[in-house]
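Working through the structure, step by step
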Amino acid sequence: LNDQARGIKLLESIVALPRLQQQFLGECKLLLGDAYLMQNAIWEAKLVYGQVDKQFKEDVLGQEAKFRNARLTYYNGEFEWAKSQLDVLKTATTQLISNNAIDLALLLQDNTGLDSTTEAMEEYANAEFLLFQNKVDKCTEILNMIPFKYPNHQLQDEVYYLQAKLEQKKGNMLEAKQLYK
């Protein structure tokens, strides 16, 4: 409902309840971490994801927390650290987490290390973060500027893909279809 403050308050009250099943508590903490991230409370999100990772180290929930932490690191532009976290997750027990880790790792591999600067990739990661936060207008603005600021950059196909996802999210299916093509 786009009311993160209310969602955070509700999730914090749930997490504070005694005698919750541990699995449910972990799932609520992941949602709480996401809500913190949507409000740009990065350190709180990192802390909550870390708690779930530590508590469910050998479980799918722990792997999901580790992936969300790696994605958060990516959003922050700490690409080398994100790569190292993703390398661990590529062998995750669930196919979904493994595929997500491989996908993000390949994005980083293909678009960093080509030159001495990571500015274009940092802007793209910021655009993805803004999309995660449902800040559609700001995300669109950044994506529209990347091709002009970084002409002929290898990131262009990723920009088209993210723009298509953005149009799909806005309900503009024809525009999304064109961008996917």
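Now for a description of the structure that goes with this document. (Residues numbered from 1 in each chain as written. Predicted model: local features only at pLDDT ≥ 70, side-chain atom pairs only at ≥ 80, totals over all residues. Heavy atoms only, no water.)

**Some points on unusual backbone geometry**
Apart from glycine, the bulk of residues carry a negative phi angle, and the bulk of peptide bonds sit in the trans form. For R19, which is not glycine, the phi dihedral falls at a positive 60 degrees. With respect to the helices, strands and loops of the structure, R19 is situated in the loop between α1 (4-15) and α2 (22-38). Residue classification places R19 among the exposed positions, given a relative accessible area of 82%. The backbone of N40 shows a phi angle near 70 degrees, a positive value even though the residue is not glycine. Its location among the elements puts N40 in the loop between α2 and α3 (42-55). (Helix = DSSP H or I, 4+ residues; strand = E, 2+ residues; numbered from the N terminus. Buried < 20%, exposed > 50% of the residue type's maximum accessible area, 1.4 Å probe, protein only.)

**Points about the nonpolar core**
If you look at the biggest cluster of nonpolar residues, it comprises 52 residues, and the most contacted ones within it are L37, Y74, L86, M121, Y124 and L143. The element that contributes the greatest number of residues to this core is helix α7 (residues 119-132), accounting for eight residues. Ignoring sequence-local partners within four residues, the contact set of Y74 consists of F79, A82, L104, L107, L108, M121, Y124, A125 and E128. (Core = buried A, V, L, I, M, F, W, Y, C linked by side-chain atoms within 4.5 Å. Contact = heavy atoms within 4.5 Å.)

**Here we look at the pattern of salt bridges**
Using the criterion set out here, one finds nine salt bridges in the structure. Across the salt bridge formed by E123 and K149, the nearest N and O atoms sit 2.9 Å from each other. With E123 in helix α7 and K149 in helix α8 (residues 136-149), the pair connects residues that are 26 residues apart, well separated along the chain. Since its relative accessible area comes to 46%, K149 is described here as partly exposed. Between K138 and E141 there is a salt bridge, and its shortest N-O distance comes to 3.5 Å. Taken together, the positions of K138 and E141, both in helix α8 and three residues apart, correspond to about one turn of that helix. (Salt bridge = Lys/Arg side-chain N within 4 Å of Asp/Glu carboxyl O.)

**A closer look at the packing of helix α4 (residues 60-75) against helix α6 (residues 95-111)**
Running from N to C, α4 and α6 cross one another at 20 degrees; their axes reach a closest spacing of 10 Å. The angle between α4 and α6 falls in the class roughly parallel. Remark: the crossing between α4 and α6 carries left-handed chirality. Every residue of α6 that contacts α4 at V60, Q63, E64, F67, R71 and Y74 is listed here: I97, N100, A101, L104, L107 and L108. Split into classes, the residues belonging to the contact of α4 with α6 amount to eight nonpolar, two polar and two charged. (Axes fitted to C-alpha atoms, helices over the stretch in contact; angles between N-to-C directions. Parallel < 35°, antiparallel > 145°, perpendicular 65-115°, else oblique. Left-handed = near helix turned anticlockwise from the far one by under 90°. Nonpolar A, V, L, I, M, F, W, Y, C, P; charged D, E, K, R; others polar.)

**What about the packing of aromatic side chains?**
To describe a pair of aromatic rings, one takes the distance between the centres and the angle between the planes. In the structure shown here, the tally under the stated rule is five aromatic pairs. Ring geometry for Y74 versus Y75: centroids 5.8 Å apart, planes at 40 degrees, classification tilted. Neither Y74 nor Y75 differs from the other in exposure class; each is buried. Arranged with centres 6.0 Å apart and planes meeting at 40 degrees, the rings of Y75 and F132 form a pair that is tilted. Residue Y75 is found in helix α4, and its partner F132 is found in helix α7; the two are separated by 57 residues along the sequence. Assessed through its relative accessible area of 11%, Y75 is described here as buried. A connected cluster of aromatic rings, assembled from ring pairs, spans Y74, Y75, F79, F129 and F132. (Phe/Tyr/Trp six-rings, centres within 6.5 Å; stacked < 30°, edge-to-face > 60°.)

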